[in-house]
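Understanding the architecture of this molecule
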Amino acid sequence: MRLRNKPWAKDKIDQYPQYAVPNPELNKGKWDEVFENNNPLHIEVGTGKGRFITEMAKAHPDINYIGIELYDSVIVAALDRLIEAELPNVKLLNINAAELDKYFAKNDVDRVYLNFSDPWPKTRHEKRRLTYKEFLKSYENILVDGGEIHFKTDNQGLFEYSLMSFSEYGLLLKFLSLDLHKSDFEGNIMTEYEQKFSEKGNRIYRCEVKYQNDTEGQS
Ligand code: SAM
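Residues numbered from 1 in each chain as written. Predicted model: local features only at pLDDT ≥ 70, side-chain atom pairs only at ≥ 80, totals over all residues. Heavy atoms only, no water.

1. Looking at the UniProt feature "binding site: S-adenosyl-L-methionine" (unreviewed entry) in the chain
Under the UniProt annotation, the feature "binding site: S-adenosyl-L-methionine" (unreviewed entry) is placed at E44, E69, N96 and D118. Spatial clustering of the annotated residues is evident: they stretch over 75 residues in sequence, but the largest pairwise C-alpha distance comes to 13.7 Å. Within the secondary structure, E44 sits in strand β1 (residues 41–45). With residues near it in sequence (within four places) discarded, E44 still touches F52, I53, I66, G67, I68, Y113 and N115. With respect to the helices, strands and loops of the structure, N96 is situated in the loop between β3 (90–93) and α5 (100–103). For N96, a relative accessible area of 33% translates into the label partly exposed. There is a polar contact of 2.9 Å between the side chain of N96 and the backbone nitrogen of A98. (UniProt positions renumbered as here; feature names shortened; annotations may be inferred. Helix = DSSP H or I, 4+ residues; strand = E, 2+ residues; numbered from the N terminus. Contact = heavy atoms within 4.5 Å. Buried < 20%, exposed > 50% of the residue type's maximum accessible area, 1.4 Å probe, protein only. Polar contact = N/O pair within 3.5 Å; in protein donor to acceptor, adjacent residues only side chain to side chain.)

2. Side note on helix α8 (residues 192–199)
The backbone nitrogen of Y193 has a side-chain oxygen 3.3 Å away, supplied by the residue at the start of α8, namely T191. Looking one or two residues beyond α8, the residue adopting positive phi is G201, at roughly 95 degrees.

3. Comments concerning the UniProt feature "binding site: substrate" (unreviewed entry) in the chain
Those residues carrying the UniProt feature "binding site: substrate" (unreviewed entry) are K122, D154, T191, E192, Y193 and E194 in this numbering. The largest pairwise C-alpha distance within this set of annotated residues, which runs over 73 residues, is 24.7 Å, so the set is dispersed in three dimensions. Tracing the chain through its elements places D154 in the loop between β5 (143–153) and α7 (156–169). Taking relative accessible area as the criterion, D154 reaches 18% and is therefore assigned buried. Setting aside chain neighbours within four positions, we find D154 in contact with F116, F197, N202, R203, I204 and Y205. Its place among the elements puts E192 in helix α8. Taking the relative accessible area as the measure of exposure, E192 reaches 22% and is therefore partly exposed. Those residues in contact with E192 that lie beyond four places of it in its chain are K49, G50, R51 and R81.

4. Some words on the sheet that holds β5
One key point about sheets: their strands pair by backbone hydrogen bonds, in either a parallel or an antiparallel sense. Reading across the sheet, the seven strands line up as β3-β2-β1-β4-β5-β7-β6 and stay open at both edges, with mixed pairing between neighbours. In this open sheet, the two strands that pair with only one neighbour each are β3 and β6 (172–177). When the angles between neighbouring strand axes are averaged without regard to direction, this sheet yields 20 degrees. Of the pairings in the sheet, the one linking β5 to strand β7 (residues 205–210) comprises six bridges and is antiparallel in character. Looking at the pairing, I149 lines up with V209 of β7. Packed on one face of the sheet, helix α3 (residues 51–59) meets β1, β2 (64–68), β3, β4 (109–115) and β5 and runs near 175 degrees to β2. Of the strands in this sheet, β1, β4 and β5 touch helix α6 (residues 133–142), which is tilted by about 135 degrees from β5. (Pairing = 2+ DSSP bridges. Axes fitted to C-alpha atoms, helices over the stretch in contact; angles between N-to-C directions.)

Here you go:
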């Protein structure tokens, strides 16, 4: 993502604590108090400008959503969407996903979405990929048992790497599409990157994987 410096972004984020949660570490283990209900919590890691998380929240009012984004200059665009949509079931966190366990306890999260994650194609940058084994461990640390990751990208290299990484970690493959927009998958909500790359003719890959319960995978 090309970053334009927005020196005012931090101040704007601070003005909307009802959407961009301040001091999120204080809510670890008690996100249901923030949303004032016990609905499932789905998070999108690397939410970018927030179209996916906002449209998902509109389509699924019985699910709580949190969009996680590293850069304040990017998350302000997601914040603008939330200010306009006035949705009670979606929040934003301006944090680094490498520190998820500072903000979420085990069982806080029911599902992780990864959409068009940065591919980091150089081998020496493998650890930065959001599907690297250390990230898979940090998702496991905050998900319910049997929690899921739903992942889509147009980047074939990242998709193949991620399938291998999921498999080596012991995740179970639940859904796979090698051409999402030509499949019969229903309810797809396009992200900003998905729109841009599919308009260029790129194929979209998608999979759903699941962490095994203690009793699964034993035969
Ligand atoms: N998901 C959006 C979409 O599909 O349009 C944005 C995709 S963009 C290629 C990837 C986003 O992930 C960027 O906005 C980037 O800042 C964010 N990101 C990358 N690494 C991150 C991390 N460790 N923690 C939080 N956000 C991260």
